[in-house]
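Remarks on the overall topology
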Amino acid sequence: MSNHLDVRRAEMNHVRHASSDDHVIVENARGQSCIVIVCEHASSYIPEVYKNLGMRVADLLSHAAWDPGALDVARGISFRLDARLVASGVSRLVYDCNRPPSAMDAMPAQSETIKIPGNADLTADQRRERSDLYYTPFRDHLAKTISATAQPVVVTVHSFTPIYNGEARSVEIGILHDTDRRFADTMLALAHVHTLADVQRNAPYGPEHGVTHTLKEHAINAGHLNVMIEIRNDLIQTADQQNKMADTLSTWLSETLQKVTSAKDTQ
């Protein structure tokens, strides 16, 4: 435990070198790794102007509003790999930065069984305003970070709820990809070396659910290696769990990168 506490203190020092602008969190902007960590659903924060979107407090703290534990794991990976980190500082209910402005669920009126009154019947102008305030700065910060990284590898970190619409999910870690499966295939092949968790491809979501927007927008179109990681949030509830998951994913990502890079060099 003391080792994990030492790591946590070091991470907090690492985070002090972060900046936040236009509700975008950028940390370790001078990181030397080619890996860029992204966390689109890092925060449950809703600006006061939206009056909690008319929601109950309990719902505001639920998985509907953010990905619990995801930012802490992302920060842990960023620290261990010396990787740059870009995260959204607002709730995905205000704007889901893993969706384009044209997507209706970029500002959802309902999440699972939870209704979001403040998102009901938004006008085109209201949607455009939210896109300009929250999506555009996030997109631009991430694009700038990736362009400043040599041979970037885009890795997005998410968490998901163990029970969805009343059904339990057996998958514990999802390795997601869109049309570019190079990095995901190697991660999946190495899964048994790094974890005893139930690891599945494109689960509990896949590209058919619209969840790979960041990968397409910032990696696939430019030919960058990429992967999306989904972690069941009951596995990353505590600081100790988050540290262990960050340890696991950091070594797993490092070995994957080495193998993918070696394979490219031999072609």
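Details of the structure are given in the entry above.
Every chain is numbered on its own, with residues counted from 1 as its sequence reads. Selection of residues for local features in this predicted model requires a pLDDT of at least 70, selection of side-chain atom pairs for listing and counting requires 80 or more, and totals for whole chains, interfaces and linings are taken over all residues. To obtain the side-chain values, all non-hydrogen atoms of the structure were included, while hydrogens and water were left out.

With that settled, the discussion passes to the nonpolar core. A general trend in soluble globular proteins is that nonpolar side chains are found buried together. Counting 38 residues, the largest nonpolar core has I175 and I229 as the members making the most contacts within it. With 7 residues, helix 7 (residues 239-266) is the single largest residue contributor to this core. Throughout this description, the term nonpolar core refers to a set of buried Ala, Val, Leu, Ile, Met, Phe, Trp, Tyr and Cys residues connected via side-chain atoms within 4.5 Å. Note on exposure labels: buried denotes an accessible area under 20% of the residue type's maximum, exposed denotes more than 50%, and partly exposed covers the range between, all computed with a 1.4 Å probe on protein chains only. Grouped together as the second largest cluster of nonpolar side chains are 29 residues, V36, V94, L142 and I146 included. Comment: elements are numbered from the N terminus, with helices defined as DSSP H or I runs of at least four residues and strands as E runs of at least two.

At D132, helix 4 (residues 124-147) shows its largest kink, close to 40°. Those residues of helix 4 not exposed but buried are R127, R130, S131, Y134, Y135, P137, F138, L142, T145 and I146. Whether two residues are in contact is decided by their heavy atoms: any pair within 4.5 Å suffices. Those residues of helix 4 hidden inside the fold are in contact with strand 2 (24-27), strand 3 (35-39), strand 4 (84-88), strand 7 (153-160) and helix 6 (213-218). In this scheme, the bend at a residue equals the angle between the axes fitted to the seven residues that finish there and the seven that begin there.

Strand 4 sits mainly inside the fold: 5 of its 5 residues count as buried. Residues R84, V86 and S88 point to one face of strand 4 and L85 and A87 to the other, with burial holding for every one of them. Here strand 3 pairs with strand 4 via 4 bridges, running parallel. If you follow C39 over to strand 4, its bridge partner there is A87. In this description, strands pair whenever DSSP reports at least two bridges between them.

Here a disulfide denotes a covalent bond joining the sulfur atom of one cysteine to the sulfur atom of another. Counting rule for disulfides: a pair of cysteine sulfur atoms within 2.5 Å. Across all of its chains, the model carries 0 disulfides by this definition. Cysteine C34 remains unbridged, with the sulfur of C39 as its closest cysteine sulfur at 19 Å.

With that out of the way, let us pick up the side chain of T214. Summarising the element assignment, T214 is placed in helix 6. Judged by relative accessible area, T214 falls into the buried class, the value being 2%. Discounting chain neighbours no more than four positions away, the residues touching T214 are V38, E40, C97, N98, L142, T156 and A219.

Note that the residue after A203, namely P204, is joined by a cis bond; omega there is 0°. Within the secondary structure layout, P204 lies in the loop between strand 11 (199-201) and helix 6. Despite not being glycine, D82 shows a phi value in the positive range, around 55°. Looking at where D82 falls in the secondary structure, it is placed in the loop between helix 3 (70-81) and strand 4. If you check the backbone angles, Q151 has positive phi at about 45° while not being a glycine. Here Q151 lies in the loop between helix 4 and strand 7.

A pairing counts as a salt bridge when a side-chain nitrogen of Lys or Arg comes within 4 Å of a carboxyl oxygen of Asp or Glu. Inspection of the entire model under this criterion finds 14 salt bridges. Taking the shortest distance from any N to any O, the salt bridge between E172 and R232 comes out at 3.7 Å. With E172 in the loop between strand 9 (167-168) and strand 10 (173-176) and R232 in strand 12 (residues 225-232), the pair connects residues that are 60 residues apart, well separated along the chain. When its relative accessible area of 12% is taken as the criterion, R232 is described as buried. A salt bridge links R181 to D185; the shortest N-O distance between them is 3.0 Å. The exposure class of R181 is partly exposed, given its relative accessible area of 41%. Within the structure, one salt-bridge network assembled from shared partners comprises D96, R99 and D105.

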